[in-house]
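This is what each chain is made of:
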Amino acid sequence: MNKPTVVSGIRPTGYLHLGNYFGAVRNFIRMQDDFNCFFFIADIHSLTTHPTPGDLQSGVKQVLAEYLACGIDPEKSTIFIQSDVPEVTELYTFLNMNAYLGELERTTSFKDKARQQPENVNAGLLTYPVLMAADIIIHKAHFVPVGKDQEQNLEMARKFAKRFNRMYGKNIFPIPRPFTFDGKDMIKVPGLDGSGKMGKSEGNAINLYDDPREIRKKVMRAVTDSGPNEMNQEKPEAIQNLFTLMEIVSKPETAEHFNELYNKCEIRYGDMKKQLAEDIVSYTAPIRDRIIEILEDQDYLAKVAKMGAEKARESAAKTLNEVKNLIGFKKLF
Ligand code: AMP
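Residues numbered from 1 in each chain as written. Predicted model: local features only at pLDDT ≥ 70, side-chain atom pairs only at ≥ 80, totals over all residues. Heavy atoms only, no water.

### Some words on the site of the ligand
Selection criterion: A single heavy atom is enough: if one lies within 4 Å of a molecule or strand, its residue is considered near that molecule or strand. Pairs of N or O atoms within 3.5 Å make up the polar contacts considered here, provided that, within protein, one atom can donate a hydrogen while the other can accept it, and that residues adjacent in sequence are counted only when both atoms are side-chain atoms. Using a 1.4 Å probe, the Shrake-Rupley method yields the accessible areas, and only the shown protein chains count as cover for residues. Residues are called lining when one of their atoms sits within 4 Å of a cavity or pocket point, these points coming from a 1 Å grid over the protein atoms alone, where a cavity is a set in which a 1.4 Å probe fits but cannot get out and a pocket is an open set with protein on both sides within 12 Å along at least five of seven lines. Put plainly, a molecule is in a cavity or pocket when over half of its atoms are within 2 Å of the grid points there. Numbered from the N terminus, helices here are DSSP runs of H or I no shorter than four residues, and strands are runs of E no shorter than two. For this classification, the nonpolar set comprises Ala, Val, Leu, Ile, Met, Phe, Trp, Tyr, Cys and Pro, the charged set comprises Asp, Glu, Lys and Arg, and every other residue, Gly included, is treated as polar.
In the region of the ligand, 18 residues are neighbours, and Arg11, Gly147, Asp149, Val189 and Met198 sit closest. One nitrogen or oxygen atom from the side chain of asparagine 20 is found 3.0 Å from an oxygen atom belonging to the ligand. One of the side-chain nitrogen or oxygen atoms of aspartate 149 is found 2.6 Å away from an oxygen atom of the ligand. Considering the ligand on its own, with 480 Å² of exposed area, one finds that the protein chains cover 96% of that surface. In this structure the site holding the ligand corresponds to the largest pocket. Top contributing element to the shell around the ligand by residue count: helix α1 (residues 18-31), with four residues. Residues belonging to the shell around the ligand are distributed by class as follows: six nonpolar, seven polar and five charged.

Quick look at the structure:
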């Protein structure tokens, strides 16, 4: 029996952070045995923020090493670099013909980015969900493991897949569904700066590659308040974020312990942060060691990228052929 197909990717801008790990990569690792997996490095997507050629190259190598260090196995999964598969940009062009300005302008991620970088509201940002749809449907994905921040973009991918199927009267693309384990909600890893999500562009990220000293420093700087003054008081966002992060990285009894202290108005945020920092360090330190080791073996990285590109291109070219036939690109001469 064929395994269901899974596609997901991460942009190579900087290092993988806890949001990327718990929102996406941890699920990638768990899916490798039971799904036909394609995990890529979204270097074309990252051009929306205009990296220098040097930064782009080192970012791609870094994420590749980080994927491997986290436990993605190139023998089980197809790991590839987006720009190694030009078929995806061809499909992106075709999908763009049926993607409408109004719906693209209304996506939250576009509006957020336009606000964050008003000097650089480029067409690539606007059509970001179209490229994302092409990435997913070119391998006929059934599932997409992503964090909560990508929920709307994934909804757009579903819409574009359905639209194409309808326009050309054939169910060529499965309609991709978000994937989480145990049917749980998609995860959002908060930042420690008081509000919102952890992210590279938010400048509040704790990276897998950070050394323990850096992690402790970042966690100890997390925004808190003067503490609760009523029993069982509702937590303000900054404090809730600290607890959410603890629920993600620490043992359940650790989070419960601090929750009880909070409810009894006996919490000392300094102690809680120290514990949280140590739990993050225990999680990331072995991964960090492996990243350093893998980065030293450039030949291995090149081999993995080449093998992934071949497998991904084969799958993408097959779909693109079908798409071109459906659209009506026939050989006339
Ligand atoms: P990006 O870094 O935007 O390319 O995101 C790559 C993947 O990481 C996507 O699946 C995102 O949903 C996920 N991700 C990024 N930040 C977070 C976060 N704070 N919480 C959960 N998932 C996240």
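What follows continues from the structure just given.
### Observations regarding the domain arrangement of the chain
Note the cut-off: Note that the domain bounds were set by an automatic or database domain assignment. Whether two residues are in contact is decided by their heavy atoms, any of which lying within 4.5 Å being enough. Note on terms: buried area is the combined drop in 1.4 Å-probe accessible area of two parts once they are placed together, counting the loss on both. Any carboxyl oxygen of Asp or Glu within 4 Å of a side-chain nitrogen of Lys or Arg constitutes a salt bridge here.
Domain annotation of the chain identifies domain 1 (5-187 + 298-327) and domain 2 (212-292). Each side of the interface is counted separately: domain 1 has ten residues, and domain 2 has eight residues. In terms of surface lost to domain 2, no three residues of domain 1 exceed Leu18, Phe22 and Ala69, which account for 58% of the buried area on that side. Here domain 1 is connected to domain 2 by zero salt bridges. Summed over the shared surface of domain 1 and domain 2, the result is one residue pair in polar contact (both at pLDDT 80 or more). Looking at the side of domain 1 that touches domain 2, the elements that each hand over two or more residues are α1 and α2 (53-70).

### Regarding the layout of surface pockets
Filter applied, for reference: Grid points are joined across faces, edges and corners, and a volume is the space filled by probe spheres set on the points.
Reported here for the largest pocket is a volume of approximately 1000 Å³. Arg11, Tyr128, Asp149, Gln150 and Lys197 are, among the 44 residues lining the largest pocket, the residues nearest its centre. The set of elements that each furnish at least two residues to the lining of the largest pocket consists of β1 (5-10), α1, α5 (108-116), α7 (128-137) and α8 (151-167). Counting residues per element, the lining of the largest pocket draws most heavily on α5, at six residues. Along the lines of polarity and charge, the residues of the lining of the largest pocket split into 16 nonpolar, 18 polar and ten charged. Volume-wise, the second largest pocket comes out at about 380 Å³. Elements with a contribution of two residues or more to the lining of the second largest pocket: α1 and α10 (237-249). For the lining of the second largest pocket, the domains that each give at least three residues are domain 1 (5-187 + 298-327) and domain 2 (212-292).

### Things to note about the pairing of strand β3 (residues 78-81)
Note the cut-off: Each residue is assigned to one of three classes by its accessible area relative to the maximum for its type, calculated with a 1.4 Å probe on protein chains only: buried under 20%, partly exposed between the two thresholds, exposed over 50%. By the convention used here, strands pair only if DSSP detects at least 2 bridges between them. Note on handedness: a clockwise path from strand one over the helix to strand two, with the strands aimed away from the viewer, defines a right-handed crossover.
Of the two faces of β3, the one holding Thr78 and Phe80 and the one holding Ile79 and Ile81 are both buried throughout. Of the pairings in the sheet, the one linking strand β2 (residues 36-41) to β3 comprises four bridges and is parallel in character. The residue of β3 that forms the bridge with phenylalanine 38 is threonine 78. Of the crossover connections in this fold, the one passing from β2 over α2 to the parallel β3 is right-handed.

### What about the nonpolar core?
Let me state the cut-off plainly: By nonpolar core we mean a set of buried residues, namely Ala, Val, Leu, Ile, Met, Phe, Trp, Tyr and Cys, connected to one another through side-chain atoms within 4.5 Å.
Counting 61 residues, the largest nonpolar core has Val25, Tyr67 and Ile280 as its most contacted members. A total of ten residues in this core trace back to one element, the largest contributor, which is helix α12 (residues 269-295). Taken together, domain 1 (5-187 + 298-327) and domain 2 (212-292) each give at least three residues to this core, which thus spans both. Residues in contact with valine 25, not counting those within four places in the same chain, are Ile10, Leu16, Asn20, Tyr67, Cys70 and Ile72. Core analysis: the next-biggest nonpolar cluster, separate from the first, contains 40 residues, Val130, Met156, Ile172 and Ala312 among them.

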